[in-house]
Amino acid sequence: MHSLDYGVLSTTSVMLNGTSFGNVQSFSDGPENSGSGKLFFYVSDLDASMQDVKENATVSFTLSEEMIGNRCSNSFIDGHDAEDPRCVRLVMTGTWRFDLNDDERKLANESLFSRHPEMKTWPVDHHWQMGTIDVKDIWLIDIFGGASTIKVEDYDKVKAFTSVEKPSKSDPPSNPPAIDEKAQTARWLAHSADFGILSTTSVHLNGAPFGNPQSFCDGTTDNSTGKLYFYVSNLDASMQDVAQNDRVSFTLSEEFVHDSCMNQQIDPEDPRCVRLTFSGKIRDLTAGSQEESEAKSALFSRHPSMAKWPSDHNWKIVTLDIDYIWMIDTFGGASIIEVSDYYSA
């Protein structure tokens, strides 16, 4: 947690009639030299997620080691994938709260503005507030063998971290579309990214929104289809959720691609850092179909380690039948992109 400055907040969406909705949010758990483990956010009343928490304050906040400059896929000899259990993923679930006490507010100020100095310049007419999550459940995968549930009291006892891992600088994704080309921008990010956060309605958390990192592709490197394909196991918590409720959202950020935004001195919560959320229904591809064969070839070409994953996990390929596309890529609020425009871009 302390090494990251942003994650994905999953809420129960008002605009999507109760579908879990993932949205990129910057945060801090303390200044770089003193991690408190407590989550603090600087958010606007205008934000879609904040509209959601007014109606239902139960949220989850998802972090992945891959968010640190694509650390997992870049750092291991055998190319660990963002979906590989050895690439740490962490989900904190609890209740959103705005009414910070004096000590919390002081720490939030020190934490947020030291880690995100540009926040001080954000427009005052957006009604910014500081918030936190009162964490009730901590879900972690960091190795083979399934998820660990960490007791909150054990988490709170851990000694504060006093340094932050800095990702190496790298080039931003190539050829971003012009700012008025919304559908093209969505297609560009869907093709540039290799992983995102799948938000489901959680079975193990009694209906709470739950975000989980998932690798994906929209085709081979040289053939973008716009269709989102995933290689998943029914053992996965998200797939158990989908079995009960197949409506989901899938969230991408330009920051997922080699820390592109922060390398340009742009905060992940800044509207100029593209954030994109697809919503729809997860569907199994028909075994033996041409679509399944092409999707598998594309997934294995973009994620070669998938071919080595254990066969006893009963892997299958699913897609997201998209029916809603929400994107922020500049000032002025979100754009809603027609699905037909997205596919024809």
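Here, the structure is the one placed above.
Student: Tell me about the side chain of Thr-19, and please be specific about residues and values.
Tutor: With respect to the helices and strands, Thr-19 occurs in the loop between strand E1 (6–12) and strand E2 (20–26). Within polar-contact distance, the side chain of Thr-19 engages the backbone oxygen of Leu-16 at 3.2 Å. Ignoring anything within four residues of it in the chain, the contact list for Thr-19 reads Thr-11, Thr-12, Ser-13, Arg-247, Val-248 and Ser-249.

Student: Report on the pattern of salt bridges, specifying residues and quantitative values.
Tutor: Evaluated as defined, the whole model comprises 16 salt bridges. Linking Arg-71 and Glu-65 is a salt bridge whose minimum nitrogen-to-oxygen distance equals 2.0 Å. Judged by relative accessible area, which is 14%, Glu-65 ranks as buried. Put simply, Asp-194 and Arg-302 hold a salt bridge, and the shortest N to O gap is 3.0 Å. Of this pair, Asp-194 sits in the loop between helix H5 (182–192) and strand E8 (195–201) while Arg-302 sits in helix H7 (residues 290–302), and the two are 108 residues apart along the sequence. Taken together, the salt bridges that share partners define one network made up of Lys-38, Arg-97, Glu-104 and Asp-134.

Student: Please give an account of unusual backbone geometry that cites residues and values.
Tutor: Backbone geometry places Gln-265, a non-glycine residue, at a positive phi of 60 degrees. Tracing the sequence through the fold places Gln-265 in the loop between strand E11 (247–253) and strand E12 (275–284). At Asn-314, a residue that is not glycine, the phi angle is positive and equals roughly 55 degrees. Relative to the helices and strands, Asn-314 is located in the loop between H7 and strand E13 (315–328).

Student: Outline the state of the cysteines, listing residues and values.
Tutor: Such a bond, covalent and formed between the sulfur atoms of two cysteines, is termed a disulfide. Inspection of every chain in the model, using the stated rule, returns 2 disulfides. Disulfide partner of Cys-72: Cys-87, at an S-S distance of 2.1 Å. Residues Cys-72 and Cys-87 share a disulfide whose torsion about the S-S bond is about 85 degrees; that sign makes it right-handed. Of this pair, Cys-72 sits in helix H2 (residues 71–75) while Cys-87 sits in the loop between H2 and strand E5 (89–97), and the two are 15 residues apart along the sequence. Across this residue pair, the class does not change: Cys-72 and Cys-87 are buried. The residue that forms a disulfide with Cys-261 is Cys-273, at a sulfur-sulfur distance of 2.1 Å. Across the disulfide from Cys-261 to Cys-273, rotation about the S-S bond amounts to roughly 90 degrees, and the bridge is consequently right-handed. With a gap of 12 residues between them, Cys-261 in the loop between E11 and E12 and Cys-273 in the loop between E11 and E12 connect regions that are remote in the sequence. Of the two residues, Cys-261 and Cys-273, neither departs from the other in class, the shared state being buried. Cys-217 carries a free sulfur, and the closest cysteine sulfur to it, the one in Cys-87, is 18 Å from it. Under the relative-accessibility criterion, Cys-217 is labelled buried at 0%.

Student: Go over the side chain of Asp-329 with me, naming the residues and quoting the values.
Tutor: Looking at the element boundaries, Asp-329 is found in the loop between E13 and strand E14 (335–336). Separated by 2.7 Å, the side chains of Asp-329 and Lys-182 make a polar contact. Here Asp-329 is in contact with Ile-179, Lys-182, Thr-185, Pro-271, Arg-272 and Val-274, once residues within four sequence places are set aside.

Student: Tell me about the packing of aromatic side chains, and please be specific about residues and values.
Tutor: Counting across every chain of the model gives 22 aromatic pairs. Here the aromatic rings of Phe-21 and Trp-326 are separated by 5.1 Å at their centres, their planes lie at 90 degrees, and the arrangement is edge-to-face. You can see Phe-21 sitting in strand E2 and its partner Trp-326 sitting in strand E13, a full 305 residues away along the chain. The pair Phe-21 / Trp-326 is uniform in exposure class, with both members buried. One aromatic cluster is present, built from ring pairs that chain together Phe-27, Phe-41, Phe-61, Trp-96 and Phe-98.

Rules used in this analysis
Residues numbered from 1 in each chain as written. Predicted model: local features only at pLDDT ≥ 70, side-chain atom pairs only at ≥ 80, totals over all residues. Heavy atoms only, no water. Helix = DSSP H or I, 4+ residues; strand = E, 2+ residues; numbered from the N terminus. Polar contact = N/O pair within 3.5 Å; in protein donor to acceptor, adjacent residues only side chain to side chain. Contact = heavy atoms within 4.5 Å. Salt bridge = Lys/Arg side-chain N within 4 Å of Asp/Glu carboxyl O. Buried < 20%, exposed > 50% of the residue type's maximum accessible area, 1.4 Å probe, protein only. Disulfide = S-S within 2.5 Å. Phe/Tyr/Trp six-rings, centres within 6.5 Å; stacked < 30°, edge-to-face > 60°.

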